[in-house]
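# Descriptive analysis of the structure
Letter by letter, the chains look like this.
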Amino acid sequence: MSKPRLAIFDFACCEGCQLQIVNLEEEILDLISLVDPVEWREAISDQSDTYDIAIVEGSITRPEDEERVKKIRERSKVLIALGACAAIGGVNKLKNNFDMDDVKKCVYGKDADLPHLNTAMTKAVDEVVPVDFYVHGCPIDRDEFKHVVKSVALGKKPNIPVYPVCVECKLRENVCRYEFNELCLGPITRAGCGARCPSNGSWCFGCRGLAPDPNVDAAKEVMDKYKKTVDDLRDRILLFNSKQEHADV
Amino acid sequence: MSNTVDINVHHVTRVEGHGNIVLRARDGKIEKVEWQVPEAPRFFEAMVRGRPWSDIQTIVSRICGICSITHSFAGTKAVEDALGIEVSKQADKLRHMTHYAEYMQSHILHVGYLAVPDLLGAKSVVPLVATHGDAVKTVIRLHRAANEWSDWLAGRTTHPVTIKPGGFSRNFSDSEVREWKARLEKEVVPDLKAIAGVVLSLADKLPAFERPTEYMALTHPDYYTYYHGKITSTDTDEEVDIHEFERVVNEYVSPQSTAKWTKWHRDSYAVGALARFNNNADQLLPLAAETAGKLGLKKGCGNPYMNNVAQVVECVQAVEHALQLMDELLTAGLKEETLPDVKVRAGEGVGCVEAPRGILFHRYVFDKKGRCERANICIPTNQNHANIQKDFEALVPGIIDRPQDEIRLMMEMLVRAYDPCISCSTHYLDVEFV
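Cut-offs applied
Residues numbered from 1 in each chain as written. Chains lettered and ligands numbered in written order. Predicted model: local features only at pLDDT ≥ 70, side-chain atom pairs only at ≥ 80, totals over all residues. Helix = DSSP H or I, 4+ residues; strand = E, 2+ residues; numbered from the N terminus. Rg over C-alpha atoms; globule rule 2.2 N^0.38 Å. Buried ≥ 20, exposed ≤ 12 C-beta atoms within 10 Å, placed from the backbone. Contact = placed C-beta atoms within 7 Å. Pairing = 2+ DSSP bridges. Domains from an automatic or database assignment. Right-handed = clockwise from strand over helix to strand, strands pointing away. Core = buried A, V, L, I, M, F, W, Y, C linked by C-beta atoms within 7 Å. Axes fitted to C-alpha atoms, helices over the stretch in contact; angles between N-to-C directions. Parallel < 35°, antiparallel > 145°, perpendicular 65-115°, else oblique. Left-handed = near helix turned anticlockwise from the far one by under 90°. Nonpolar A, V, L, I, M, F, W, Y, C, P; charged D, E, K, R; others polar.

### Topic: the overall build of chain A
Counting its regular elements, chain A contains 10 helices and five strands. Expected size for 249 residues packed as a compact globule is a radius of gyration near 18 Å; at 19 Å, chain A falls within 12% of this value. Counting across all 249 residues of chain A, residues that qualify as buried make up 46%. For chain A, the share of sequence-separated contacts (at least 6 apart) that also reach a separation of at least 24 residues comes to 74%.

Okay, structure coming up:
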């Protein structure tokens, strides 16, 4: 059986998630034993046109990019959204809290109407085409990336946590960030990062998206205990989860 | 016909972000030569409006996956400037060390993974595993060491967690510093020497193209700086305060680019490793100066392809200075520090640091609740776009009679030599500042 043909595409993002793939160093060679990379602009000068697995990094922010991602979808058997920008829109969705004309004027001033400077509301990839699997986070976790690609290459379903970051944070025996008078999104954010930010002395800002199975009662209790308001919470959720379907807290 | 050329490189590979090269020539006459930047703009200056001062680092780090530590520092220094937040000497040293981790990570990635394959006629680093195994292993070991160095100080390889206005979100111990000092001395310094040897063996494959260029960089009286100082260039003795950066970058919109272009004393200027070297080479530490000498890099170099060589010299400089700082920290002994209480007020601040690929400016205005009213961010790759175009215009007439593939490769290599971070350069600026 020939190896699945894998391609990586980038849209509006910082390309930091692709960098995590580069950062796998020689472990990339293990992955190459399972898949055949046929298109990866950031690291290889080769281009192809049909794929078994397409990995899409970045948000969709222009009409022409919607067309491009649709074409990629048509040519791919499986599509994986890579990182927060692709999976949930991430920080790029902060833009959606403003009027698009205002956004363009703010940045381009008198040149705002030049055609090549056009922009639209930021969309996650699954707001444009169906997505089969997700690698969450900003940036992605390298081990989780390997797990997802290996699972897909072997025809298995990847195992991605649905519980909140608090679970992993407790396991690491961190002192709760609320004890430091910080507003932490750990109670409502999808785990899988190993509670990296709280473990380094900082609050969770929700880069892995809202947990499908959050402990809402516990979140309410901790908010009340430390006198944080729903407005405080909503404000922080905007950072990575602006205009999410389930963000009505 | 060899002198009729039509090159259209859509999305140059092995660079970070999207850039196109267009060259059309008929009978040896160049009709069009263009460096185009079509990357989707992301509008960070618009997106930070309304966000509190404490969110700035988290947002602007995401401008760039490769220089996220540099963006975090520029943003954080601007917040500290605006709100009058002090940083301890210990935290300042630790920040320099964190910055150096990114320097090594970025420069080694660029030289080893993205640029060297061209010199060896390969499409990527992967086939080099079979042909140049030892060199590839050394590159991998250095790159991993740099990433783990970032993990240690920044809390993560990309998009730092620990960098906060006023210092760090966690404390570091003497034993951690000692452990890293030993690793730098025993593993990283010998590996860097080996890589310098590899680059030396390939140096004659770098095109011998020179164009007199203005080089702009941060400068500081005490050391070869990436972090503190004033703005200068090779065209002037003037040292400009960072708060006046708009006066040196002079941004303008080009129809061929979603990223703005800049100029100071000439039509364009260059920033990055070669620019810093050309301004500050006299301040290199001994091993870095020796490496530059061995590699034939001299102050006043006008060959953009030599930027890769300057990056190797800067890796040595970064490690050498990090070792000095580690000695100083260990002599004093690391102390427990807590982040200062921030008194929120209205204010305006500027942060300027050198990213691996050149000087970077951030400016923010905060209202009395500490929420951002306006932002202006000027990215190094933006500042190189016009210079890449001017280099193309000077380079191409001299090579137009060569085979098309060779012309294409030389143009692609030129773009890669600048190590452009195109995704970070495409978000424009609020030009309303006076």
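### Some thoughts on the pairing of strand E3 (residues 29-36) of chain B
Residue and element names in this part refer to chain B. Both strand E2 (residues 20-26) and E3 contribute to a ladder of seven bridges, which runs antiparallel. The partner of Ala 25 across the bridge, within E3, is Ile 30. Here E2 folds back onto E3, and the loop between the two strands holds two residues, one of which, Asp 27, carries a positive phi near 50 degrees.

### Re the domain arrangement of chain A
Residue and element names in this part refer to chain A. What the domain assignment reports for chain A is domain 1 (5-153) and domain 2 (165-241). Centre-to-centre, using C-alpha coordinates, domain 1 lies 26 Å away from domain 2. Counting residues at the interface gives 12 residues for domain 1, matched by 10 residues for domain 2.

### What about the pairing of strand E3 (residues 51-57) of chain A?
All names here are of chain A. For E3, the tally of buried residues reaches six of seven residues, placing the bulk of the element in the interior. Pairing of strand E1 (residues 5-10) with E3, which is carried by five bridges, proceeds in the parallel orientation. Bridge pairing in E3 places Phe 9 opposite Val 56. Across six bridges, the pairing between E3 and strand E4 (residues 76-82) is parallel. Looking at the pairing, Ala 54 lines up with Leu 79 of E4. Traced from E3 through helix H3 (residues 63-74) to E4, the parallel crossover comes out right-handed.

### Remarks on the nonpolar core
In this structure, Val 56 of chain A together with Met 104, Val 319 and Cys 352 of chain B are the most contacted members of the largest nonpolar core, which totals 189 residues. Among the elements that line this core, the one with the most residues is helix H4 (residues 89-119) of chain B, at 13 residues.

### Re the environment of Leu 154 of chain A
All names here are of chain A. Locating Leu 154 in the fold gives a position in the loop between helix H6 (142-153) and helix H7 (165-171). Look at Leu 154 and you get exposed, because 9 C-beta atoms sit within 10 Å. Distance in space between the C-alpha atoms of Leu 154 and Leu 171 is 31 Å, their sequence separation being 17 residues.

### With respect to unusual backbone geometry
Of note, the amide linkage connecting Cys 138 of chain A to Pro 139 of chain A takes the cis form, showing an omega dihedral of -5 degrees. For Pro 139 of chain A, the location among the structural elements is in the loop between strand E5 (133-135) and H6. For Glu 173 of chain A, which is not glycine, the phi dihedral falls at a positive 60 degrees. Inspection of the secondary structure assignment puts Glu 173 of chain A in the loop between H7 and helix H8 (196-199). In this structure, Asn 250 of chain B is a non-glycine residue whose phi angle is positive, near 40 degrees.

### Section: the packing of helix H12 (residues 380-399) of chain B against helix H13 (residues 404-417) of chain B
All names here are of chain B. For the pair H12 and H13, interaxial distance at closest approach is 11 Å and the crossing angle is 155 degrees. Between H12 and H13, the angle falls in the class roughly antiparallel. Crossing of H12 over H13 shows right-handed handedness. Contacts between H12 and H13 involve Ile 388, Asp 391, Phe 392, Leu 395 and Ile 399 from the former and Ile 407, Met 410, Met 411, Leu 414 and Val 415 from the latter. Grouping the constituent residues of the contact of H12 with H13 by class yields nine nonpolar, no polar and one charged.

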